[in-house]
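# Analysis of the macromolecular model
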Amino acid sequence: MSIPILETCRKRKRRPKLFGLHSFAEPGCPINPTGPFRDNIRIFLKQCAEPEDYCVKGMPLWCTLLVRDKSCVVPLYTIEEGVNHSLNPFCDHCRCTGWGNHLVSKRKYHVVIPNDRDWNKPLEDNVLNIHSHLLHGLIHCNGFGHLLCINGIEGGSKYLYGREIMDLWDRICEILKARKISVEDASKKHGMDLRLLHGVAYGHTWFGRWGYKFCRGSYGVSEENYDRAIEILSSQKLDKIIQDFSDREQSRQIKCMVQHYRDLSESQLVTIRDLFKFMLTIKSRSALQKKLVAATAAPSASVQKNSIRISFHKKDNSKEKYLRCKRFTSVIAHMDSRWPAKRLEFAAEVIVDALKQNKSEVGHGGMTRQDLRDAARMHIGDTGLLDYVLKSMNNVIVGCHIVRRGINSARVLEYTIDDVDPVKDLKLLEATEEIRQKPLPDLLPAPAPVPGTDVYNDVVYLYNNTLLNYPESELLELATQAVLDSKHFVKDRPFRDEDDQLLRFFCQVMPGLFDAENMATETSPAGELVMVPLHATVFDLKQAAEKALRDTYCIMDKFVVTEVDNLGEMEDTDVLFGALESGAEILVRGSGIDLDSNLKHEGGADNWIVRCECGARDDDGERMIACDICEVWQHTRCCGIEDSEAVPPLFVCPGCCTSFGPPMTNSPLEFQCSDDLLLDSATMYGMDYEYDNCIGLLQ
């Protein structure tokens, strides 16, 4: 495998630098910078990376070669995006994380490990818009950043596990002194949202292993709501679950599963957290056992298995071909889904349209799961719905098309589409469906899966029943929704003063210097780290603060510091040592801020007003709609607009409707709910309820 940087080094007659994948960015290896991120990244690029001899859309890039083993060299690219010349100067990730008030940084640094199949190719111009990278992280030059993409073995890599990539990213952020890194956790496995599964099992998401904690929730979910929801879900007693399912068809299976894993565990399993945590611990052992069994299998058996597989592939009997196919409407009729059949059918039609369009443009091949999902998201915002439908689409017929799923040559899940003859083939399909559905009295019903045969299947079964479809529990339903509505997590790196001969201060511009109409003064921009020697004077501090702010923010390019607010009557020639403690925050005054610039806040120049009934007062990345009268934005979900529905051309919010006429009076509705349910549910979502009125809760 020839990585482009190797060719570049050969042309320059230079030996490339090689670093160990698992030791790179350990403390002191290969560098040990002690300054702010804006300076540390420059040291990193100078000492740990080689510049490529090409650019990506005018952006320079560097490559660091990481050796995993003798046969695997991983390219780690760093791309510097200058905001003044960027097509996307603002940061949507900052806006959705709650950092929209941050001033626009001058530079963004993208850290990218491409997919394995692209290691021997130069990066393309659309590299920043691809979601199949093994790693894609973005860090602004002020040290605030975002983890955008992680894909390991299950995401298409042949060599790297997700944990390896995450460990590497965490070490890079640590050695470069990144201040805060956010991540939007929408990761799934076997159709399960990992933020829900791991939240119940461990009390934190998968990213929580590396210190990522709750940052903000969508739809008005606060940290208190999130913590309470996790507590409610994880504290369910197993005996109570068995009792609640006693009159349902899942009763016997759940009881057998609980008993099976209780017998395996050396410690007592009391709650659903105990059970999930134990199952996720032993599933890795079972996977290892399967690998050992496969490795020790007789060669003759594997040869025989392959020959049988080949003989099946050669057989092209059309009747057998369609015996394996089902109408999608028949498939969903037997699915226990929380979405109505019409929404599932609509999602399937959108997926088919995307496959048809791709086939007409490309002419051959199919679409990877990620590409197909991205194409469908242009029309459907509910990613959970899309994942659910994609999981169900294999050998299914939608309209006059067959959708098939398989693994392509790059070992990535791929969907293809074939046309069906509307006369001949559909009649054959109907005949085979009739055969399939005909009762067979001589055959015994298929036995239920034996607990312990596949641990992950057991986890999926319990996840779907005890977390998503718990019988008749509004409280648990609200708790589950609160966790699923919490996607934004952040890792905050606390400040640590170094044991050297330098003073460090966090310099912040006085909020009063900004125009009250054009700048968000309710939250001051983050302070910048500046360093001066122990014997530095007040004037030296002013110069250092001025240089740091000019180097970091677009509107500070000509900023001049005239006063440090914390130093009282001290003169420019006075020595700082003893007057301020290292690590203190200082406020500076000055002139030269470009208030007319368009590059002010990372959230963009538009001043959106968000005021939704769920409590949201800021953009959280979810689908929204603006009232055509008051221009206030609200969530479409909170307005009763399904994700599968198009946004109406004219929308008037309830508040403006009331101003045109008196509200309609509905007949009173009576619900029988326990007092604890009402109080707990109201507390969870931060809403005020009347004691005897739970209409809002059950909407």
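So, a few notes on the structure that sits alongside this text. Here the structure is a predicted model, which is why all the values come from computation and not from measurement. (Residues numbered from 1 in each chain as written. Predicted model: local features only at pLDDT ≥ 70, side-chain atom pairs only at ≥ 80, totals over all residues. Heavy atoms only, no water.)

### With respect to the overall build of the chain
Where we set the bar: We count a stretch as a helix when DSSP gives it H or I for four or more residues in a row; a strand needs E for two or more, and each element gets its number in order from the N terminus. The buried label goes to any residue with under 20% of its type's maximum accessible area, the exposed label to any with over 50%, and the partly exposed label to all in between, with areas taken from a 1.4 Å probe on protein chains only. Throughout, a contact is declared for two residues whenever any of their heavy atoms are within 4.5 Å. Calculation of accessible area relied on Shrake-Rupley with a 1.4 Å probe; when residues are assessed, cover is drawn exclusively from the protein chains displayed.
Counting its secondary structure elements, the chain contains 22 helices and 24 strands. Across the 699 residues of the chain, 46% fall into the buried class. In the chain, the proportion of contacts linking residues at least 24 apart, taken out of those at least 6 apart, comes to 69%. Carbon and sulfur atoms make up 50% of the accessible area of the chain, which amounts to about 37,200 Å² in all.

### Some words on the pattern of salt bridges
Rule in force here: Criterion for a salt bridge: a side-chain nitrogen of Lys or Arg within 4 Å of a carboxyl oxygen of Asp or Glu.
Considering all chains together, one arrives at 33 salt bridges under this definition. Measuring nitrogen to oxygen at the nearest pair gives 2.8 Å for the salt bridge that ties D485 to R637. With a gap of 152 residues between them, D485 in the loop between helix 18 (474-484) and strand 17 (488-492) and R637 in the loop between strand 24 (632-635) and helix 20 (654-660) connect regions that are remote in the sequence. According to the relative accessible area criterion, R637 is partly exposed, its value standing at 36%. Here the salt bridges share partners, and the residues they tie into one network are K188, D193, R195, R369, R373 and D387.

### Overview of helix 17 (residues 455-468)
What counts is decided by this rule: The span one expects for a helix is its residue count, reduced by one, times 1.5 Å. Polar contact is the term for a pair of N or O atoms within 3.5 Å; when the atoms are in protein, one must be able to donate a hydrogen and the other to accept it, and sequence-neighboring residues count only if both atoms are side-chain atoms.
In this model helix 17 runs 19 Å from its N-terminal to its C-terminal C-alpha over 14 residues, within 8% of the 20 Å that 1.5 Å per residue would give. Most of helix 17 is tucked away: ten of the 14 residues are buried. Along helix 17, the residues that are buried comprise V455, Y456, D458, V459, V460, L462, Y463, N465, T466 and L467. Where helix 17 begins, the side chain of D454 points an oxygen toward the backbone nitrogen of Y456, at a separation of 3.0 Å.

### Focus: the state of the cysteines
Test applied: Any two cysteine sulfur atoms lying within 2.5 Å of each other are counted as a disulfide.
Throughout the structure, instances matching the rule amount to zero disulfides. Looking at the unpaired C653, the closest cysteine sulfur is the one in C656, lying at 3.6 Å. On the basis of relative accessible area, C653 is assigned to the buried category, the value being 7%.

### Some words on the sheet that holds strand 23 (residues 624-626)
Rule in force here: By the convention used here, strands pair only if DSSP detects at least 2 bridges between them.
The mixed open sheet is built from three strands, whose spatial order is 22-24-23. Among the strands making up the open sheet, the edge pair consists of strand 22 (609-610) and strand 23. Here strand 23 pairs with strand 24 via three bridges, running antiparallel. Residue A626 lies in a different strand from strand 24, and its bridge partner there is W633.

### Quick word on unusual backbone geometry
Of the consecutive residues C29 and P30, the connecting peptide bond is found in the cis state with omega at 0°. Take P30: it is sitting in the loop between strand 1 (18-20) and helix 2 (37-48). In the Ramachandran plot, K177 falls in the positive-phi region, its phi being about 65° despite a non-glycine side chain. Note on placement: K177 falls in the loop between helix 4 (162-175) and strand 8 (180-184). If you check the backbone angles, Y219 has positive phi at about 55° while not being a glycine. The residue Y219 is located in the loop between strand 11 (213-216) and helix 6 (223-234) in this model.

### Some details on the sheet that holds strand 21 (residues 585-591)
The criterion, for reference: Axis definition: a line fitted to C-alpha atoms, limited for helices to the stretch in contact. Angles are taken between N-to-C directions and run from 0 to 180 degrees.
Ordered by their spatial adjacency, four strands build an open sheet running 19-18-21-20, and the pairing between neighbours is mixed. A single partner strand is all that each edge strand has here, and the edge strands are strand 19 (528-533) and strand 20 (560-564). If you compare each strand with its neighbour and ignore which way they point, the axes differ by 45° on average. In this sheet, strand 21 lies alongside strand 18 (residues 502-509) in parallel orientation, the contact comprising four bridges. Counterpart to V509 in the pairing with strand 21 is V588. Against the sheet, helix 19 (residues 538-552) engages strand 18, strand 19, strand 20 and strand 21, with an angle of about 145° to strand 19.

### Focus on the environment of H22
Residue position: H22 is located in the loop between strand 1 and helix 2. Separated by 146 residues in the primary sequence, H22 and L168 have C-alpha atoms spaced 7.2 Å apart. Once residues lying within four places of it in the same chain are set aside, the contact partners of H22 are R68, E164 and R171. For H22, the side chain forms a polar contact with the side chain of E164, separated by 2.7 Å.

### Some details on the nonpolar core
Rules: Buried residues of nine kinds, namely Ala, Val, Leu, Ile, Met, Phe, Trp, Tyr and Cys, make up a nonpolar core once their side-chain atoms join them within 4.5 Å.
Counting residues in hydrophobic clusters, the biggest one holds 85 residues, and the most contacted among them are F24, W169, Y212, L275, F276 and V459. Beyond its immediate sequence surroundings of up to four residues, F276 is in contact with L197, V200, A201, V459, L462, Y463, T466 and L467. Among the nonpolar cores identified, the runner-up in size contains 27 residues, and A354, V389, L390 and Y415 belong to it.

### Quick notes on the packing of helix 8 (residues 251-264) against helix 17
Let me state the cut-off plainly: In what follows, roughly perpendicular refers to angles from 65 to 115 degrees, roughly parallel to angles under 35, roughly antiparallel to angles over 145, and oblique to any angle outside these ranges. Handedness of a helix crossing follows the sense of rotation of the near helix relative to the far helix, less than a right angle counterclockwise being left-handed and clockwise being right-handed. The nonpolar class holds Ala, Val, Leu, Ile, Met, Phe, Trp, Tyr, Cys and Pro. Asp, Glu, Lys and Arg form the charged class, and all remaining residues, Gly among them, are polar.
In contact at an axis separation of 11 Å, helix 8 and helix 17 are set at 130° when each is read in the N-to-C sense. Taken together, helix 8 and helix 17 sit at an angle that is classed as oblique. The hand of the helix 8/helix 17 crossing is left-handed. Residue-level inspection shows Q253, I254, M257 and Y261 of helix 8 in contact with helix 17, the latter providing V455, D458, Y461, L462 and N465. Across the contact of helix 8 with helix 17, the residue classes tally to six nonpolar, two polar and one charged.

Shape is all these values report; function is a separate question.
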